[in-house]
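# Residue-level structure breakdown
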Amino acid sequence: MKVIIDEDKCCGAGQCVLLAPEVFDQREDDGIVILLDETPGAGQHAAVREAAAVCPGAAIGLA
């Protein structure tokens, strides 16, 4: 799995950080997502898929 972020779509809701804090973080100044792990391990896949599914800005892509 490879995680792709589109910062322009990110609205800073933070759902990704709540679901997968080892993979996502947020910038302090504006809340835009920061990708901590572009290729998370198998143990993170379910959480990352859920984060992508609930992202209100559709800013998380998976390949």
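The structure this text deals with has already been given above.
So, here is what we can say about the structure in this document. (Residues numbered from 1 in each chain as written. Predicted model: local features only at pLDDT ≥ 70, side-chain atom pairs only at ≥ 80, totals over all residues. Heavy atoms only, no water.)

## Quick look at empty space enclosed by the protein
Put simply, the rule is: Method remark: on a 1 Å grid restricted to protein atoms, a set of points is classed as a cavity if a 1.4 Å probe fits but cannot get out and as a pocket if it is open with protein on both sides within 12 Å along at least five of seven lines; lining residues have an atom within 4 Å of a point. Grid points are joined across faces, edges and corners, and a volume is the space filled by probe spheres set on the points.
Counted under the stated rule, the structure contains one cavity of 30 Å³ or more. Lining the largest cavity are 15 residues, with Cys10, Ala13, Gly14, Cys16 and Cys55 sitting closest to its centre.

## Focus: helix 2 (residues 45-54)
Basically, it comes down to this: Partly exposed residues are those whose accessible area sits between 20% and 50% of the maximum for their type, while under 20% is buried and over 50% is exposed, using a 1.4 Å probe and protein chains only. Here a strand is any run of E in DSSP of at least two residues, a helix any run of H or I of at least four, and the numbering for each starts at the N terminus. To be clear, the arc concerns the directions from the helix axis to the C-beta atoms. The criterion used for residue contact is that any of the two residues' heavy atoms lie within 4.5 Å.
Of all the residues in helix 2, the buried ones are His45, Ala47, Val48, Ala51 and Ala52. Taken end-on, helix 2 shows its buried residues confined to a sector of 165°, consistent with a single buried face. Every exposed residue of helix 2 that faces more than 90 degrees away from the buried side is listed here: Ala46 and Ala53. On its buried face, helix 2 sits against strand 1 (3-5), helix 1 (15-19), strand 2 (24-26) and strand 4 (60-62).

## Some points on the pattern of salt bridges
Counted only if it meets this: Salt bridge, as used here, is a side-chain nitrogen of Lys or Arg placed within 4 Å of a carboxyl oxygen of Asp or Glu.
Summed over all chains, the structure comprises two salt bridges. Across the salt bridge formed by Glu7 and Arg27, the nearest N and O atoms sit 3.3 Å from each other. Here Glu7, found in the loop between strand 1 and helix 1, pairs with Arg27, found in the loop between strand 2 and strand 3 (33-35); they are 20 residues apart in sequence, far enough to count as distant. Here Glu7 falls in the partly exposed class, since its relative accessible area comes to 43%. The partner of Asp30 in a salt bridge is Arg27, with the nearest N and O atoms 2.6 Å apart.

## What about the environment of Ala59?
Inspection of the secondary structure assignment puts Ala59 in the loop between helix 2 and strand 4. In sequence terms Ala59 and Val33 are 26 residues apart; their C-alpha atoms lie 8.8 Å from each other.

## What about unusual backbone geometry?
The backbone phi angle of Ala58 is positive, close to 55°, even though this residue is not glycine. Structurally, Ala58 is set in the loop between helix 2 and strand 4.

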